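Letter by letter, the chains look like this.
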Protein chains: 2
Amino acid sequence: MSMDVTFLGTGSAYPSPHRGASALVLRTEGECWLFDCGEGTQTQLMKSQLRAGRITKVFISHLHGDHLFGLPGLLCTVSLNTSCDPQQTLNCVDIYGPRVHELEPTSDQSPEEGQLSAEMTAEHGPLHPQEQPGRTISLDVSSDSYLLFEDKKFVVKAFRLFHRIPSFGFCVQEHDRPGRLKTELLKELGLKPGPLYGRLKAGDPVTLESGHVILPSEVLEEAIPGRKVCILGDCSSIVGEGPLMLCSGADLLVHEATLGNEQREKAVDHGHSTPEMAAAVARACCARRLVLYHFSQRYKPCSLQKEGDEDDVSELKRQAEDALQDSGIEVTLAEDFLTLPVPLKR
Amino acid sequence: MSMDVTFLGTGSAYPSPHRGASALVLRTEGECWLFDCGEGTQTQLMKSQLRAGRITKVFISHLHGDHLFGLPGLLCTVSLNTSCDPQQTLNCVDIYGPRVHELEPTSDQSPEEGQLSAEMTAEHGPLHPQEQPGRTISLDVSSDSYLLFEDKKFVVKAFRLFHRIPSFGFCVQEHDRPGRLKTELLKELGLKPGPLYGRLKAGDPVTLESGHVILPSEVLEEAIPGRKVCILGDCSSIVGEGPLMLCSGADLLVHEATLGNEQREKAVDHGHSTPEMAAAVARACCARRLVLYHFSQRYKPCSLQKEGDEDDVSELKRQAEDALQDSGIEVTLAEDFLTLPVPLKR
Ligand SMILES: [Zn+2]
Ligand SMILES: [Zn+2]
Ligand SMILES: [Zn+2]
Ligand SMILES: [Zn+2]
């Protein structure tokens, strides 16, 4: 199953002609999940290969405008397109984040002035006619995470981050899949291709006419480990044990790097990270690849960088690489419309 | 005084890479007024020559997302830029429209299902710390219009339009200015250049030492008539007498033309106009120039039009021109980033 991540906006604070506001899409066969939705996301989607109508779930990391202000427009447009075409069944878009399917923050995710007031989180007013009620998702203390949902292919959890207001990260974990059947061996055992192959692959033992029992483990190659993609919202640090446990061994760890190492103090003051800080998280959870995004708008995309320009985004990459020397962790700079495949593990 | 109008978005329903959502700026020396603020307006501003920080007033024609969803982001960015620079005094942005400085709609501006519910118009929740309370502006029945404000240079009024939800148009009327002083004549009368010239220009009579009284009308050329720019929100018709009275003789009448004449029924069903309908309004109020905007996203900008493309925006221009034959009214198609000067009248 193919799986990739496309960045629609990699700028912080506000959208600019060079960098959209935060938004990225995780695409698996047929389904698109949107992570954050800054202003202009629907236009960025149109510029990309992706279609807004394919989005089935939206995850909002936190309630800052640069992650959120594109949502009303996106939902209107999706509903406009759907209602124009009566052939199409109305897609319900599930929204996870603060509000809607609400992640209940804890008080250690932000300074006091950043705590969400009761008023901000209260459900006031009746639901929109096309809206379905959300539920409150509380922190599971034992795993220090929030279980958002689980289906046949994935389990998706959230974890806590520290930012000016409560922020969350998301961990998309693909389930392991059974390895290939050893067909040669099965033939030797006298089992011909047919429905019993499927039962073995599904993990059920099979009893032959001879009474001999074949266990799946005997006839299956090694399981194909599920892939893991972790996307962190704005943060100056993680909160609790959850993030490292969940992100352990991530194939892709998407972490903000708003400002360079030399501006660490300013970054932390604003609840943000530097490349070095992002690298420390990637190292602590043994990620395979660290992807930096959410750059200050002062950093132009590489393609527009001119010799002598002061703020060079590739310097951010260098800073993360320096911090990850000998770790084997690859560093990638996200750019608007960059698509990164998440290959199957061997 | 220079005066011009810059279109930031000329598309309807949603922003696309080819046409932004509704927004335009009326610029006079030093001040920018924004009319409507669809999603992406702040990015369109950055692409234009205009600066978001220059905006002192915002006028919202109606509460559809394609005219509104860019406002939260724009206000955040303006306030972000202001608070970063303590040297700069905090600009207060005045917002006129449904809510804030609220234009009270009447029931004949939309079908029943489009009436704003009490809930939508009620002020709920405390003001934002940087927010100042708005006032309710009621229809002045005698002039069938809403007086928004008047200063030394301008009087700005709103008028009612019929749309799926109540919509408004805005009339910006520059005050007439006194004509030039007839300096030759003044010298003949024995009055040398000095403060008395200013008093005459300001409209005050001046008594010479001889006892002779000079009236301003004797020594001033004809007054320079103020310019008038009228910007209509989405509509399928005007409501009442106000619009025609206010827009009479407009230098620039900006009117929507969402769909072509051949789709008149669909346009009206959705509360929109065709070029012919826009032309009829321009003719009824003897405008000098009709500017069409708010085109369905199916109409690409002229520059991207390819031979054989079905929906040709220049056909919309032709339709308006046909309807305005022999009227002397010029028709202009708005495009994103088009700037139209509003020259002084001779
Ligand atoms: Zn942010
Ligand atoms: Zn933030
Ligand atoms: Zn509209
Ligand atoms: Zn509308």
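These figures come from a predicted structure and were not determined experimentally.

Our focus in this paragraph is the UniProt feature "domain: Metallo-beta-lactamase" (unreviewed entry) in chain A. With numbering matched to this structure, UniProt assigns "domain: Metallo-beta-lactamase" (unreviewed entry) to residues 224-295 of chain A. Taken as a whole, residues 224-295 of chain A contains 31% helix and 24% strand, while its terminal C-alpha atoms sit 35 Å from one another.

Rotating chain B by 180° about the axis while translating it 0.1 Å along that axis superimposes it on chain A, leaving an RMSD of 0.1 Å. Such a combination of turn and shift is consistent with a two-fold rotation axis. Of every C-alpha in chain B, the one belonging to Gly-40 of chain B sits nearest the axis of rotation, 2.6 Å from it. Taken together, the interface assignments show that 100% of the residues at the interface of chain B recur at the interface of chain A, consistent with an identical surface on both copies.

Moving on, we get to the coordination of the zinc ion (ligand 3). Taken together, Asp-66 of chain B (OD), His-67 of chain B (NE2), Asp-234 of chain B (OD) and His-294 of chain B (NE2) make up the protein donors of the zinc ion (ligand 3), found 2.2 Å from the metal. Taken together, the four donor atoms coordinating the zinc ion (ligand 3) span angles of 87 to 167° at the metal, a pattern that classifies the geometry as irregular.

Here we come to the sheet that holds strand β4 (residues 55-59) of chain A. Residues and elements named next belong to chain A. Strands sit in the order β7-β6-β5-β4-β3-β2-β1-β18 across an open sheet of eight strands; the sheet is mixed. Among the strands making up the open sheet, the edge pair consists of β7 (136-137) and β18 (339-341). Here strand β5 (residues 94-97) runs beside strand β6 (residues 101-103); their pairing, made up of two bridges, is parallel. Following the sheet pairing, Gly-97 is matched in β6 by Glu-102.

This part is about the packing of helix α9 (residues 275-284) of chain A against helix α10 (residues 313-323) of chain A. Residue and element names in this part refer to chain A. Direction vectors running N to C along α9 and α10 enclose 40°, while the axes themselves pass 8 Å from each other. When the axes of α9 and α10 are compared, the pair comes out oblique. In this structure, α9 crosses over α10, and the sense of that crossing is right-handed. Seen from α9, the contacting residues are Pro-275, Glu-276, Ala-279 and Arg-283; seen from α10, they are Leu-316, Gln-319, Ala-320 and Ala-323. Of the residues that constitute the contact of α9 with α10, the class distribution is five nonpolar, one polar and two charged.

Quite often, the size of an interface is put as the accessible area lost when its parts meet. Chain B puts 23 residues into the contact, and the matching count from chain A is 23 residues. Summed over both partners, the interface of chain B with chain A comes to about 1700 Å²; 69% of that surface belongs to carbon and sulfur atoms. The largest share of the area that chain B buries against chain A comes from Pro-17, Glu-39 and Phe-69 of chain B, three residues that together contribute 31% of it. Put simply, the parts of the chain that give the side of chain B that touches chain A at least two residues each are α1 (41-47) and α2 (71-84) of chain B. The greatest single-element share of the side of chain B that touches chain A, amounting to six residues, is contributed by α2 of chain B.

Residue and element names in this part refer to chain A. Considering all chains together, one arrives at 22 aromatic pairs over all chains under this definition. The structure contains a cluster of three or more aromatic residues connected by ring pairs, namely Trp-33, Phe-35, Phe-59, Tyr-96, Phe-149, Phe-154 and Phe-170. Here the guanidinium or amino end of Lys-57 rests over the ring plane of Phe-149, the centre of that ring lying 4.2 Å away.

For the rest of this paragraph, the subject is the domain arrangement of chain A. The domain boundaries assigned to chain A delineate domain 1 (3-177 + 224-341) and domain 2 (183-219). Measuring from the centre of the C-alpha atoms in domain 1 of chain A to the corresponding centre in domain 2 of chain A gives 44 Å.

Turning to the coordination of the zinc ion (ligand 4), a few remarks are in order. Residue and element names in this part refer to chain B. Within the protein, the atoms that donate to the zinc ion (ligand 4) are His-62 (NE2), His-64 (ND1), His-163 (NE2) and Asp-234 (OD), at distances of 2.2 to 2.3 Å. With four donor atoms in place around the zinc ion (ligand 4) and angles of 89 to 169° between them, the coordination shape is irregular. For the pair the zinc ion (ligand 4) and the zinc ion (ligand 3), the metal-to-metal distance amounts to 3.5 Å, and Asp-234 bridges them. Note that His-62 is positioned in the loop between β4 (55-59) and α2 and Asp-234 in the loop between β13 (228-232) and β14 (237-238), a separation of 172 residues in sequence. In this structure, His-62 and Asp-234 share a single accessibility class: buried.

Regarding α10 of chain A, the residues found buried are Val-313, Leu-316, Gln-319 and Ala-320 of chain A. Around the axis of α10 of chain A, the buried residues are gathered within 105° of arc, so they sit on the same side.

The rules behind these values
- Residues numbered from 1 in each chain as written.
- Chains lettered and ligands numbered in written order.
- Predicted model: local features only at pLDDT ≥ 70, side-chain atom pairs only at ≥ 80, totals over all residues.
- Heavy atoms only, no water.
- UniProt positions renumbered as here; feature names shortened; annotations may be inferred.
- Helix = DSSP H or I, 4+ residues; strand = E, 2+ residues; numbered from the N terminus.
- Least-squares fit on C-alpha atoms with pLDDT ≥ 70 in both.
- Contact = heavy atoms within 4.5 Å.
- Donors = N, O, S within 2.8 Å, 3.2 Å for Na, K, Ca; no water.
- Tetrahedral: all angles 85-135°; square planar, octahedral: opposite > 155°, others 65-115°.
- Pairing = 2+ DSSP bridges.
- Axes fitted to C-alpha atoms, helices over the stretch in contact; angles between N-to-C directions.
- Parallel < 35°, antiparallel > 145°, perpendicular 65-115°, else oblique.
- Left-handed = near helix turned anticlockwise from the far one by under 90°.
- Nonpolar A, V, L, I, M, F, W, Y, C, P; charged D, E, K, R; others polar.
- Buried area = accessible area lost by both parts, 1.4 Å probe.
- Phe/Tyr/Trp six-rings, centres within 6.5 Å; stacked < 30°, edge-to-face > 60°.
- Lys NZ or Arg CZ within 6 Å of the ring centre and 35° of its normal.
- Domains from an automatic or database assignment.
- Buried < 20%, exposed > 50% of the residue type's maximum accessible area, 1.4 Å probe, protein only.
- Arc of directions from axis to C-beta.

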